Amino acid sequence: MSERSKPKLYLDNCCFNRPFDDPSQLLVRLETEAKPMNDTVLLDTGMDILVERLGLVEAERFIYLVNKEPFDYTKFHHALFEGMTMDEICEVARAASEEVDERTKQAIPADE
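Since the model is a prediction, treat every value here as computed from it, not as a measurement.

**Things to note about the confidence of the model for the protein**
- When the pLDDT values of the protein are averaged, the result is 75; 71% of them are 70 or greater.
- When pLDDT is averaged over each element of the protein, helix α3 (residues 56-68) comes out on top at 89 and helix α1 (residues 26-33) at the bottom at 70.

**Topic: the environment of Glu98**
- Looking at where Glu98 falls in the secondary structure, it is placed in helix α5 (residues 86-107).
- In this structure Glu98 comes out as partly exposed when scored by relative accessible area, which is 45%.
- One polar contact links Glu98 to Arg94, side chain to side chain, over a distance of 2.5 Å.

**Looking at the pattern of salt bridges**
- According to the stated counting rule, one finds three salt bridges in the structure shown.
- The closest approach of N and O atoms between Glu58 and Arg61, which form a salt bridge, is 2.8 Å. Taken as a pair, Glu58 and Arg61 lie in helix α3 at a separation of three residues, close to a single helical turn.
- Of the charged contacts, one joins Arg94 and Glu98 as a salt bridge, the two residues approaching to 2.5 Å between their closest N and O atoms. With a gap of four residues between them, Arg94 and Glu98 both fall in helix α5, about one helical turn apart.
- The exposure class assigned to Arg94 is partly exposed, which follows from its relative accessible area of 36%.
- Put simply, Glu91, Arg94 and Glu98 are held in one network by salt bridges that share partners.

**A closer look at a nonpolar patch on the surface**
- On the surface, Leu54, Phe62, Ile63 and Val66 cluster together to form a nonpolar patch covering roughly 320 Å² of accessible area.
- We classify Phe62 as partly exposed; its relative accessible area is 39%.

**Some points on helix α2 (residues 39-54)**
- Compared with an ideal rise of 1.5 Å per residue, which puts 16 residues at 22 Å, α2 spans 22 Å between its outermost C-alpha atoms and is within 8% of the ideal.
- Positive backbone phi, approximately 90 degrees, marks Gly55, located one or two places after α2.

What counts and how
Residues numbered from 1 in each chain as written. Predicted model: local features only at pLDDT ≥ 70, side-chain atom pairs only at ≥ 80, totals over all residues. Heavy atoms only, no water. pLDDT = per-residue confidence, 0-100. Helix = DSSP H or I, 4+ residues; strand = E, 2+ residues; numbered from the N terminus. Buried < 20%, exposed > 50% of the residue type's maximum accessible area, 1.4 Å probe, protein only. Polar contact = N/O pair within 3.5 Å; in protein donor to acceptor, adjacent residues only side chain to side chain. Salt bridge = Lys/Arg side-chain N within 4 Å of Asp/Glu carboxyl O. Patch = residues over 30% accessible without salt bridge, like charges linked within 9 Å, V, L, I, M, F, W, Y side chains within 5 Å. Areas by Shrake-Rupley, 256 points an atom, 1.4 Å probe, with all protein chains shown as cover. Expected span 1.5 Å × (residues − 1).

The structure is reproduced here in structure tokens:
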């Protein structure tokens, strides 16, 4: 199979993709119901949290350090799953999903 015709697998738990996922999973349902913030609100809220926790100078230093190191999410995922078969990747994803579901159930108190 040529490099161009190989299927690409992109794993993402972004809430924007959740409406297309299996709603019987608790985490999927919760992330689907979450109302995503627009970019401006997200940036403002994030900066407010950074300044509150780190102070203005350290918050700006944090932003500088994050911007200084380029991070390619796609390359990271290619390296993460390099050499694995599709079945192995699916097994890793299934196990991770089950772990997240279990942690989510533990974090949310049962209705009484």
